[in-house]
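A structural walkthrough
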Amino acid sequence: MALPTTDLLIGKIVAIVENEALSISSVRDEIDEIKQELVSMKSFLQDADGKKEHSEGEETWVASVRDLAYDVEDIIDEFMYHTYEKQTGGPFPRWLHKIFHIPRSLWYKRQIANKLQKTTKMIKAIPERNQRYAIGGVEGTTSSIDVDKWVQNQAESSLFIKEDELVGIEGNKQTIMGWLMDEEQHQTIVSVVGMGGSGKTTLVAKTFTNESVKRHFDCYAWITVSRTYAIEDLFRCLIKEFYQSRKEKVPAPAKLKDMSYRELLEKLVNYLESKRYLVVLDDVWDIKLWKEINISLPDRRLGSRILLTTRKEDIAHYSFGVVSHVHLIKPLDNNEAWELFSKKAFSTYHNRSCTPELEPLASKLVEKCKGLPLAIVALGGLMSSKKSTTEWRDVYNSLNWHLTNNPLLDNVKSILLLSYNDLPFRLKQCFLYCSLFPEDYLIRRKRLFRLWISEGLVQHVKGVTPQAATENYLMELIVRSMLQVVRRNETGRPKAFKMHDLMRELALSTSTREKFFVVYDGREVMEEIGARRLSIQSTEGTEIKSWIGMSKLRTLLVFVTGIIPLSFSNALPSGFKLLTVLDVEDMPLDKLPNDLVYLFNLRYLNLKGTAIRELPKYIGYLQNLHFLDIRKTKIEALPRGFSKLLNLRHLMMYYNNKDYNVFKIVSGTRATSNISKLKKLQVLSRVQSEGNIIRLLGNMTQLTRIGITNLTERDEMDLCDSIQKMKLLTNLSLMVKDEEEFLRADNALFSPPPHLRKLCFIGKLEKVPHWFSSLHSLTSMHLHWPRLEEDLLSHIEGLPFLGSLTLVNAYVGSELLFSRGFVKLSNLQLFKFPSLSKITVEKGVMPNLQFLTLNSCMELKRLPHGLEHLTNLQTLSLEFLSIQLIQSIRGGGVDRPKVQHILEINHFFNTSSGRSYESLSPRALY
């Protein structure tokens, strides 16, 4: 149940009461009353969100309350806009405001008072109208018991699926059978985890019904766990299943029903006293189940096993206190998905195969399923009755509608919606927000965090920063298998992720119905915006028009991958005046509209990747701006009025060059020294060193991340003094003016920031800074162009959490020796070592290394000595290296035995036609 971010709105009202006490005296009673109504509306909408289904009348009731909450937001923002216009002069000359100020203010106040009174009356009329038409509360029409029963029936039907109807489970089944029947005598738990519909239950069912498995155990039981269960009922089911598995007479149902918790528990424990048992706990939603049921399943060291399925990774990886294994269900690969789809869709076709004219559409439909077996089977069944290309195209183009309304896809919708409905209220909004991004879009963690915070979706919790809260929200969605991690950083923290296509389709349907947002892709005419958020997604140019409802818009995200620029650069339509979020990343824009500075409500502005050359002169008017991203633009300097953005938290402003073979890999942005007035700034990356700016940066004590470019040796004292004042700093990046300038941050820096996690130095180092060895929280180090003469490795080998190390032109010596330590290092990159001829890795060093890159080390003729000790190495990238080294790992090469354990070996090299690539992976060497 999406609703206006009432916490943010209530905060606005409190701010008005505190800061505008004199100017609101005539409407104070109305504002106070509407605040109390908002608190009640928030509670009502959250309660309504917790219900599973509503009648039509109840849906209308909930929608009315939600829409009126939106109306209140409009009125409050209008009042704040009027206040803002008085302060800044708005789009009109100040002398006009002086002439018309008094009558115009009185007129606005009367308008606000009238609107508030009218809205309050409408709010109070809702329960009266509901009573008149006999509409009940929000109890729901479908009980959770009915839903759980349906899920249980679906799950237990998996026990009877024929083997020839299944695809791609044999290897997984053998893995699980191996864990069930190995030599381990202690009780063992095997967890199978994956998103809803991924085939967990089917896999476990085929393992459970295997005759070899059954013979291995004295008794066995299958329990489908509902989200709301009584432990006594589960005990009764276990007793019944155990007796039936041994073909023993089951105690009478009436007798079992009359037994107390203690009696049931005693009977189970006694029954299992000398038996090796297998228990399946299917669809576990809460680890509380294990804490309640494990006392009934004694470990007598007889080789008993518990096999559970869950959608939640935190349950699968829970410390059960016994031996445990986790099997992560992977999507079917393309061939398996096509085979399964064909079994269902083309069972009545000639040779049970797809016709050539249908194959392109069939392939697209299978791709939509992203390897999810439940969806493939259901969609195949739906398409089995469609014979013409037109029918297939219609389904493909309206898959969202079919997923929501077609009875043949009900099981897909219901299974996927279980995960959504189980989310806490706040997480539902955050999950829906992810579907604002286009299909298959790679969503970056930090970008999403800033959007969630700007939108007011993150609940304020005392003692918890918004960033920490968003991290918890994201991890909860990931462990529930609702977002799919695509990239992780050196500590395993998710960096980027995607939504499964079908989860996104359901989120889109829910968001449209609840007016959470609207997606416009240009394929259909949109006359009116029926929501507060608009996501424009098009592969071609799409004009942003003054649609009806524009005045209510709070969020605009634009995703365009085509070459036709949007009609966007001259001016924003006037209806955008209440915008909170504007994200036009990678848009082909070269100019900002003049009226951008009058978006008083703007909290988030993302211009990354655009061709914009300068920010507006009066950008300081944006007093509520919290996040500004101008990375990869053509903006070289900030305007003088920038220091008026006193609420700014994050300022990202640099241009990266990914070519590590040159010195200048990043460019900063010029700013005047008064940028130090931005005391709330937490992220400043990257600013050029000019004048006394380095000394003044020490006043910005809230900074957690800072990047500075254009440094000189003369900056050492001021630089070290400022850094020492930044006690909250976790990310530090420093770059000198040119490659011959020394980066000095050693002698004057007595104690580095205690929580530093990421360090990037770009410039020449006279020696290894003495404090490097004390960076006990560091996870990532990047040293670019230091050209050290002394050994660096001995200074950093003992860092306990260092996970990523990138060294570029870092050492002028001929040999690198990894003799000890680097216990957490997972990613090592060595670029441009002109004299390096030998690398040695002692046994036991870098035990967790997974990725190794060697680039532009032409004197290196052999692979690192001891490479065979890096048993966890997954990917070896060899770029622009000597022919001798590459030949040594080809078939028959002297170093070929060293690489047999490495899954992926990539070789990049230059040819007359440009950069080329070949795979030298062991399987490709034959």
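Residues numbered from 1 in each chain as written. Predicted model: local features only at pLDDT ≥ 70, side-chain atom pairs only at ≥ 80, totals over all residues. Heavy atoms only, no water.

**Focus: the sheet that holds strand β3 (residues 277–284)**
Keep this limit in mind: Only strands joined by at least two bridges in the DSSP assignment are considered to pair. Starting at the N terminus, helices and strands are each numbered in turn, a helix being any DSSP run of H or I of at least four residues and a strand any DSSP run of E of at least two. Between N-to-C directions, angles cover 0 to 180 degrees, with each direction set by a line fitted to C-alpha atoms, over the stretch in contact for helices. Two residues form a contact once any of their heavy atoms are found within 4.5 Å.
The sheet built from 5 strands is open, its strands ordered β2-β3-β4-β1-β5 with parallel pairing. A strand with exactly one partner marks an edge of an open sheet, and here the two such strands are β2 (219–224) and β5 (323–328). Strand-to-strand twist across the sheet, computed as the mean angle between neighbouring axes with direction ignored, equals 15°. Here strand β1 (residues 188–193) pairs with β5 via 6 bridges, running parallel. Along β5, the bridge assignment pairs Val190 with His325. Across the sheet, helix α6 (residues 170–180) lies against β1, β3, β4 (305–310) and β5, angled at about 175° from β5, the strand it touches most.

**Things to note about the packing of helix α15 (residues 359–369) against helix α23 (residues 501–513)**
To keep it simple, the criterion reads: Angle categories are assigned with fixed cut-offs, so that under 35 degrees is roughly parallel, over 145 is roughly antiparallel, 65 to 115 is roughly perpendicular, and the rest are oblique. For this classification, Asp, Glu, Lys and Arg are treated as charged, while Ala, Val, Leu, Ile, Met, Phe, Trp, Tyr, Cys and Pro are nonpolar and the rest, including Gly, are polar.
The contact between α15 and α23 brings their axes to 6 Å, and the two run at 80°. Between α15 and α23, the interaxial angle falls into the category roughly perpendicular. Between α15 and α23, the residues in contact are Glu367, Lys368 and Cys369 and Asp501, Leu502 and Glu505, respectively. Considering only residue class, the contact of α15 with α23 consists of 2 nonpolar, no polar and 4 charged.

**Observations regarding helix α16 (residues 373–383)**
Put simply, the test is: Summary of the burial criterion: residues with accessible area below 20% of their type's maximum are buried, those above 50% are exposed, and those between are partly exposed, where the area comes from a 1.4 Å probe applied to protein chains only.
Burial within α16 is extensive, with 8 of its 11 residues counted as buried. Where α16 is concerned, the buried positions are Pro373, Ala375, Ile376, Ala378, Leu379, Gly380, Leu382 and Met383. Where α16 is buried, its residues contact α14 (334–345), α15, α17 (389–397), α18 (399–405), α19 (410–421) and α23.

**Observations concerning helix α21 (residues 445–455)**
In terms of residue burial, α21 counts as a mostly covered element, since 10 of its 11 residues are buried. Among the residues of α21, Arg445, Arg447, Leu448, Phe449, Arg450, Leu451, Trp452, Ile453, Ser454 and Glu455 are the ones counted as buried. Once α21 finishes, Gly456 follows within two positions and takes phi at roughly 80°, a positive value.

**Points about the packing of α16 against α19**
Note the threshold: When the near helix sits turned anticlockwise from the far one by under a right angle, the crossing is termed left-handed; a clockwise turn instead gives a right-handed crossing.
It is at 9 Å that the axes of α16 and α19 come closest, and there the two elements cross at 160°. The pairing of α16 with α19 is recorded here as roughly antiparallel in orientation. Handedness of the crossing formed by α16 with α19: left-handed. Together, Leu374, Ala375 and Ala378 of α16 and Asn411, Val412 and Ile415 of α19 make up the contact between the two elements. Of the residues in the contact of α16 with α19, the class split is 5 nonpolar, 1 polar and no charged.

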